[in-house]
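Notes for the structure review
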Amino acid sequence: MISMNMPKSGRVEMKGSAIPQPLDVDFNLSLRDGSIDPYQPYIPVKARFAGVFHGENRNHITLDNGALTATSRGWNQIDKFAVLAPGQKTPRRM
């Protein structure tokens, strides 16, 4: 099991197994209370996004005879999502 804190807030945990050759990786990924804020520079729009994200996913990756196959099943959600105008610090109430 691998467990680590995310920038600003949140925690990621990964648990699974891997066979190096032929490649066969099966793992669960759990994410709790992750902030969108540290990833804002990677979002190619002027608006800012705010919120807290969570997810539970089961993933399977294989490489067989040169064919890479990846599957992922699970759920993801964002709580307290807001879109902010450039320079705006808090969401406006409507």
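Residues numbered from 1 in each chain as written. Predicted model: local features only at pLDDT ≥ 70, side-chain atom pairs only at ≥ 80, totals over all residues. Heavy atoms only, no water.

Attention shifts here to the sheet that holds strand β1 (residues 2–5). Taken in spatial order, the five strands of this open sheet run β1-β2-β3-β4-β5, and their pairing is antiparallel. This sheet does not close on itself; its edge strands, each paired only once, are β1 and β5 (67–84). Neighbour-to-neighbour, the strand axes of the sheet open up by a mean angle of 10°, direction not taken into account. With four bridges joining them, β1 and strand β2 (residues 11–19) adopt antiparallel strand pairing. The residue bridging S3 from the neighbouring strand is E13, located in β2. (Pairing = 2+ DSSP bridges. Helix = DSSP H or I, 4+ residues; strand = E, 2+ residues; numbered from the N terminus. Axes fitted to C-alpha atoms, helices over the stretch in contact; angles between N-to-C directions.)

Attention shifts here to the nonpolar core. Nonpolar side chains tend to gather and get buried jointly when the protein is soluble and globular. The biggest cluster of nonpolar side chains holds six residues, and these are M6, V12, L31, I36, F49 and F53. Discounting residues that sit within four places of it in the chain, F49 has contacts with I36, Q40, I43, F81, A82 and V83. (Core = buried A, V, L, I, M, F, W, Y, C linked by side-chain atoms within 4.5 Å. Buried < 20%, exposed > 50% of the residue type's maximum accessible area, 1.4 Å probe, protein only. Contact = heavy atoms within 4.5 Å.)

If you trace the backbone, A70 turns up in strand β5. You can call A70 exposed: its relative accessible area is 59%.

With that out of the way, let us pick up a nonpolar patch on the surface. Together, I2, M14 and L29 line one region of the surface with nonpolar side chains, adding up to about 220 Å² of accessible area. Assignment of secondary structure puts L29 in strand β3 (residues 24–35). By relative accessible area, L29 is classed as partly exposed at 30%. (Patch = residues over 30% accessible without salt bridge, like charges linked within 9 Å, V, L, I, M, F, W, Y side chains within 5 Å. Areas by Shrake-Rupley, 256 points an atom, 1.4 Å probe, with all protein chains shown as cover. Salt bridge = Lys/Arg side-chain N within 4 Å of Asp/Glu carboxyl O.)

With that settled, the discussion passes to the pairing of β2. Connecting the antiparallel pair β1 and β2 is a turn made up of five residues, with K8 showing a positive phi of about 70°. As judged from the nine bridges shared by β2 and β3, these two strands associate in the antiparallel manner. Within β3, the position partnered with E13 by the bridge is S30. Count of turn residues in the β2/β3 antiparallel hairpin: four residues.

Moving on, we get to the pairing of β5. Sheet topology places strand β4 (residues 48–64) next to β5; 16 bridges connect them, and they run antiparallel. For N57, the partnering residue across the bridge sits in β5 and is G74. Count of turn residues in the β4/β5 antiparallel hairpin: two residues, of which N65 carries a positive phi of about 50°.

In total, this model carries five salt bridges according to the counting rule given. Between K8 and D37 there is a salt bridge; the shortest N-O distance is 3.2 Å. Of this pair, K8 sits in the loop between β1 and β2 while D37 is found in the loop between β3 and β4, placing the two residues 29 residues apart along the sequence. Here E56 makes a salt bridge to R32, at a shortest N to O gap of 2.7 Å. With E56 in strand β4 and R32 in strand β3, this pair connects stretches of sequence that are 24 residues apart. Residues joined by salt bridges that share partners form a network here, namely K8, D37 and R48.

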